[in-house]
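# Notes for the structure review
If you want the building blocks of each chain, they are given just below.
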Amino acid sequence: MYYKKILNIIFFLTVILNLQAQDFDLPLNYYKAEYYLSQNLHDSALLLINNCSDNYCIELKIDILISQSKYSEAINLSKQLNKTNPATANYKLAKIYAFLSFADESVEYLKKYFEFKDPLPYSKIIKENCFEQISKTSEWRNFWQNARYNNYYEKLFESEYLINTGKYDDAKNMLSENFGSYQYLKYYQLALIDYYKNDYSSSYKQINQTLSIKKNYIPALILKYKLEFQLNDFQNALRTKEQLLKIDKYNSIHLYDYAEINYKTKEYSKALNYINIFIDCFPQNENALFLKAEILATKEDFKNALIVLNELLNLNTSKTDYFNLRGNIYYSIKTWEFALKDFTMSLDIDPYDAEIWKKTGDCYFNMNFKEKACYAWKRAATLKSTDAGRMFYKECEGK
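For clarity, every value in this text was computed on a predicted model and none was experimentally measured. (Residues numbered from 1 in each chain as written. Predicted model: local features only at pLDDT ≥ 70, side-chain atom pairs only at ≥ 80, totals over all residues. Heavy atoms only, no water.)

This part takes up the pattern of salt bridges. Counted under the stated rule, the structure contains 14 salt bridges. The partner of Glu-108 in a salt bridge is Lys-111, and the shortest N-O contact between them spans 3.3 Å. Of this pair, Glu-108 and Lys-111 both sit in helix α7 (residues 103-113), three residues apart, which is roughly one turn of the helix. Judged by its relative accessible area of 38%, Glu-108 is partly exposed. Notably, a salt bridge pairs Asp-362 with Lys-358, separated by 2.7 Å at the nearest N-O pair. Residue Asp-362 and its partner Lys-358 are both found in helix α22 (residues 354-366); the two are separated by four residues, about one turn of the helix. Judged by relative accessible area, Lys-358 falls into the buried class, the value being 18%. (Salt bridge = Lys/Arg side-chain N within 4 Å of Asp/Glu carboxyl O. Helix = DSSP H or I, 4+ residues; strand = E, 2+ residues; numbered from the N terminus. Buried < 20%, exposed > 50% of the residue type's maximum accessible area, 1.4 Å probe, protein only.)

Given below as structure tokens:
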């Protein structure tokens, strides 16, 4: 009876969360399956997406079956996927047969994969551990003897490599020509270069060039969101993230970002709603738990904020942010002893935080430990805290 009651509660909560997420038709079971995979609970992940028949679910099922060495089932599913997404299906079949050390079959499916537009770069394909099994065979060598990419695409791979290795000027020189139908990729890479060089305004112009050619290019929209966030253009960032949640809904990071951007735009209830949905799928995600604690603290729901922070500190005691937020809550409700404990823990990790030294002094002062308060304020003042300097001068200097 007890277990039945618990199952009913879980079912009710899941229904509520699904209703709350309907604005974006979020694939919550897919997210939960991702979480189970991160915990190496492969069977639980499979159970969650078993009834899902869209391409993304099938692709994830194939990956799970490959990881479990269930190659026969993975082949059958890949052939099913071939009806709706032949490019991905052929690539997965190439991987499966490589795992089985069947070089001939693997290369045949790789050939079929390369008949489709925009295949993965060679540098990414050879990093797949499955292809190590066949990398010394004549079939593999013969396959790569022929040109597999057009000149523009190959040159863009080279410039991408230069960008990833920090050779921005060399990459920029390579991108000076016209790239035909790949112009959108050229502008995207130029935007990336400016982004990495912290020239956000220039990067934003380039990314808009990309999107004027290919409006739903997901990597460009992701960069656009990052730029808008960096430029404190939160309203446009909110709109960009809503677009991403609709066209790239299987990427769970968008759900977290959507909660965060709602927090930045002071839509606290909405932010809390969406971060709760995210945490329901990823219950041990520290970033999400910390964001939830921040939202609750901002709403002055200190009791629940403290519950979340206690959970966070059970997971990880190496982050000053966790101690500082909990300490600041205790500080704001004048629970000086608890605040002092958290600030002391924080200073053990980072002894150069002027604000925390200043608040440590305040705690000591309010607990009638004036000498210790003066010491903490003096430390804060040497770290350029003017408020601490004033307190030291008022309460300690010459007394």
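Now for the packing of aromatic side chains. Both the distance between ring centres and the angle between the ring planes are used here to describe each pair of aromatic rings. According to the stated counting rule, one finds 43 aromatic pairs in the structure shown. On the numbers, 5.7 Å between centres and 45° between planes, the contact of Tyr-195 with Tyr-200 is tilted. As far as burial versus exposure is concerned, Tyr-195 and Tyr-200 are alike and both buried. Taken together, the ring pairs in this structure connect Tyr-91, Tyr-113, Phe-114, Tyr-122, Phe-131, Trp-140, Phe-143, Trp-144, Tyr-149, Tyr-153, Phe-157 and Tyr-182 into an aromatic cluster. In this structure, Lys-241 packs its charged tip against the face of Tyr-225, placed 4.1 Å from the ring centre. Cation over ring: Lys-372 sits above Phe-369, and NZ or CZ is 5.6 Å from the ring centre. (Phe/Tyr/Trp six-rings, centres within 6.5 Å; stacked < 30°, edge-to-face > 60°. Lys NZ or Arg CZ within 6 Å of the ring centre and 35° of its normal.)

Within the fold, Pro-283 resides in the loop between α17 (268-281) and α18 (286-298). Separated by 257 residues in the primary sequence, Pro-283 and Leu-26 place their C-alpha atoms 17 Å from one another. Apart from residues no more than four positions distant in its own chain, Pro-283 is found in contact with Tyr-35, Leu-289 and Glu-311. (Contact = heavy atoms within 4.5 Å.)

So, on to the side chain of Glu-128. Along the chain, Glu-128 turns up in the loop between α8 (122-125) and α9 (138-145). Reaching out from Glu-128, the side chain makes a polar contact with the side chain of Lys-95 at a distance of 3.4 Å. (Polar contact = N/O pair within 3.5 Å; in protein donor to acceptor, adjacent residues only side chain to side chain.)

Turning to the confidence of the model for the protein chain, a few remarks are in order. Mean pLDDT over the protein chain: 93, with 94% of residues reaching 70 or higher. Predicted confidence for residues 1-22 stays below pLDDT 50, and this span has 12 contacts to residues more than four positions away or in other chains. (pLDDT = per-residue confidence, 0-100.)

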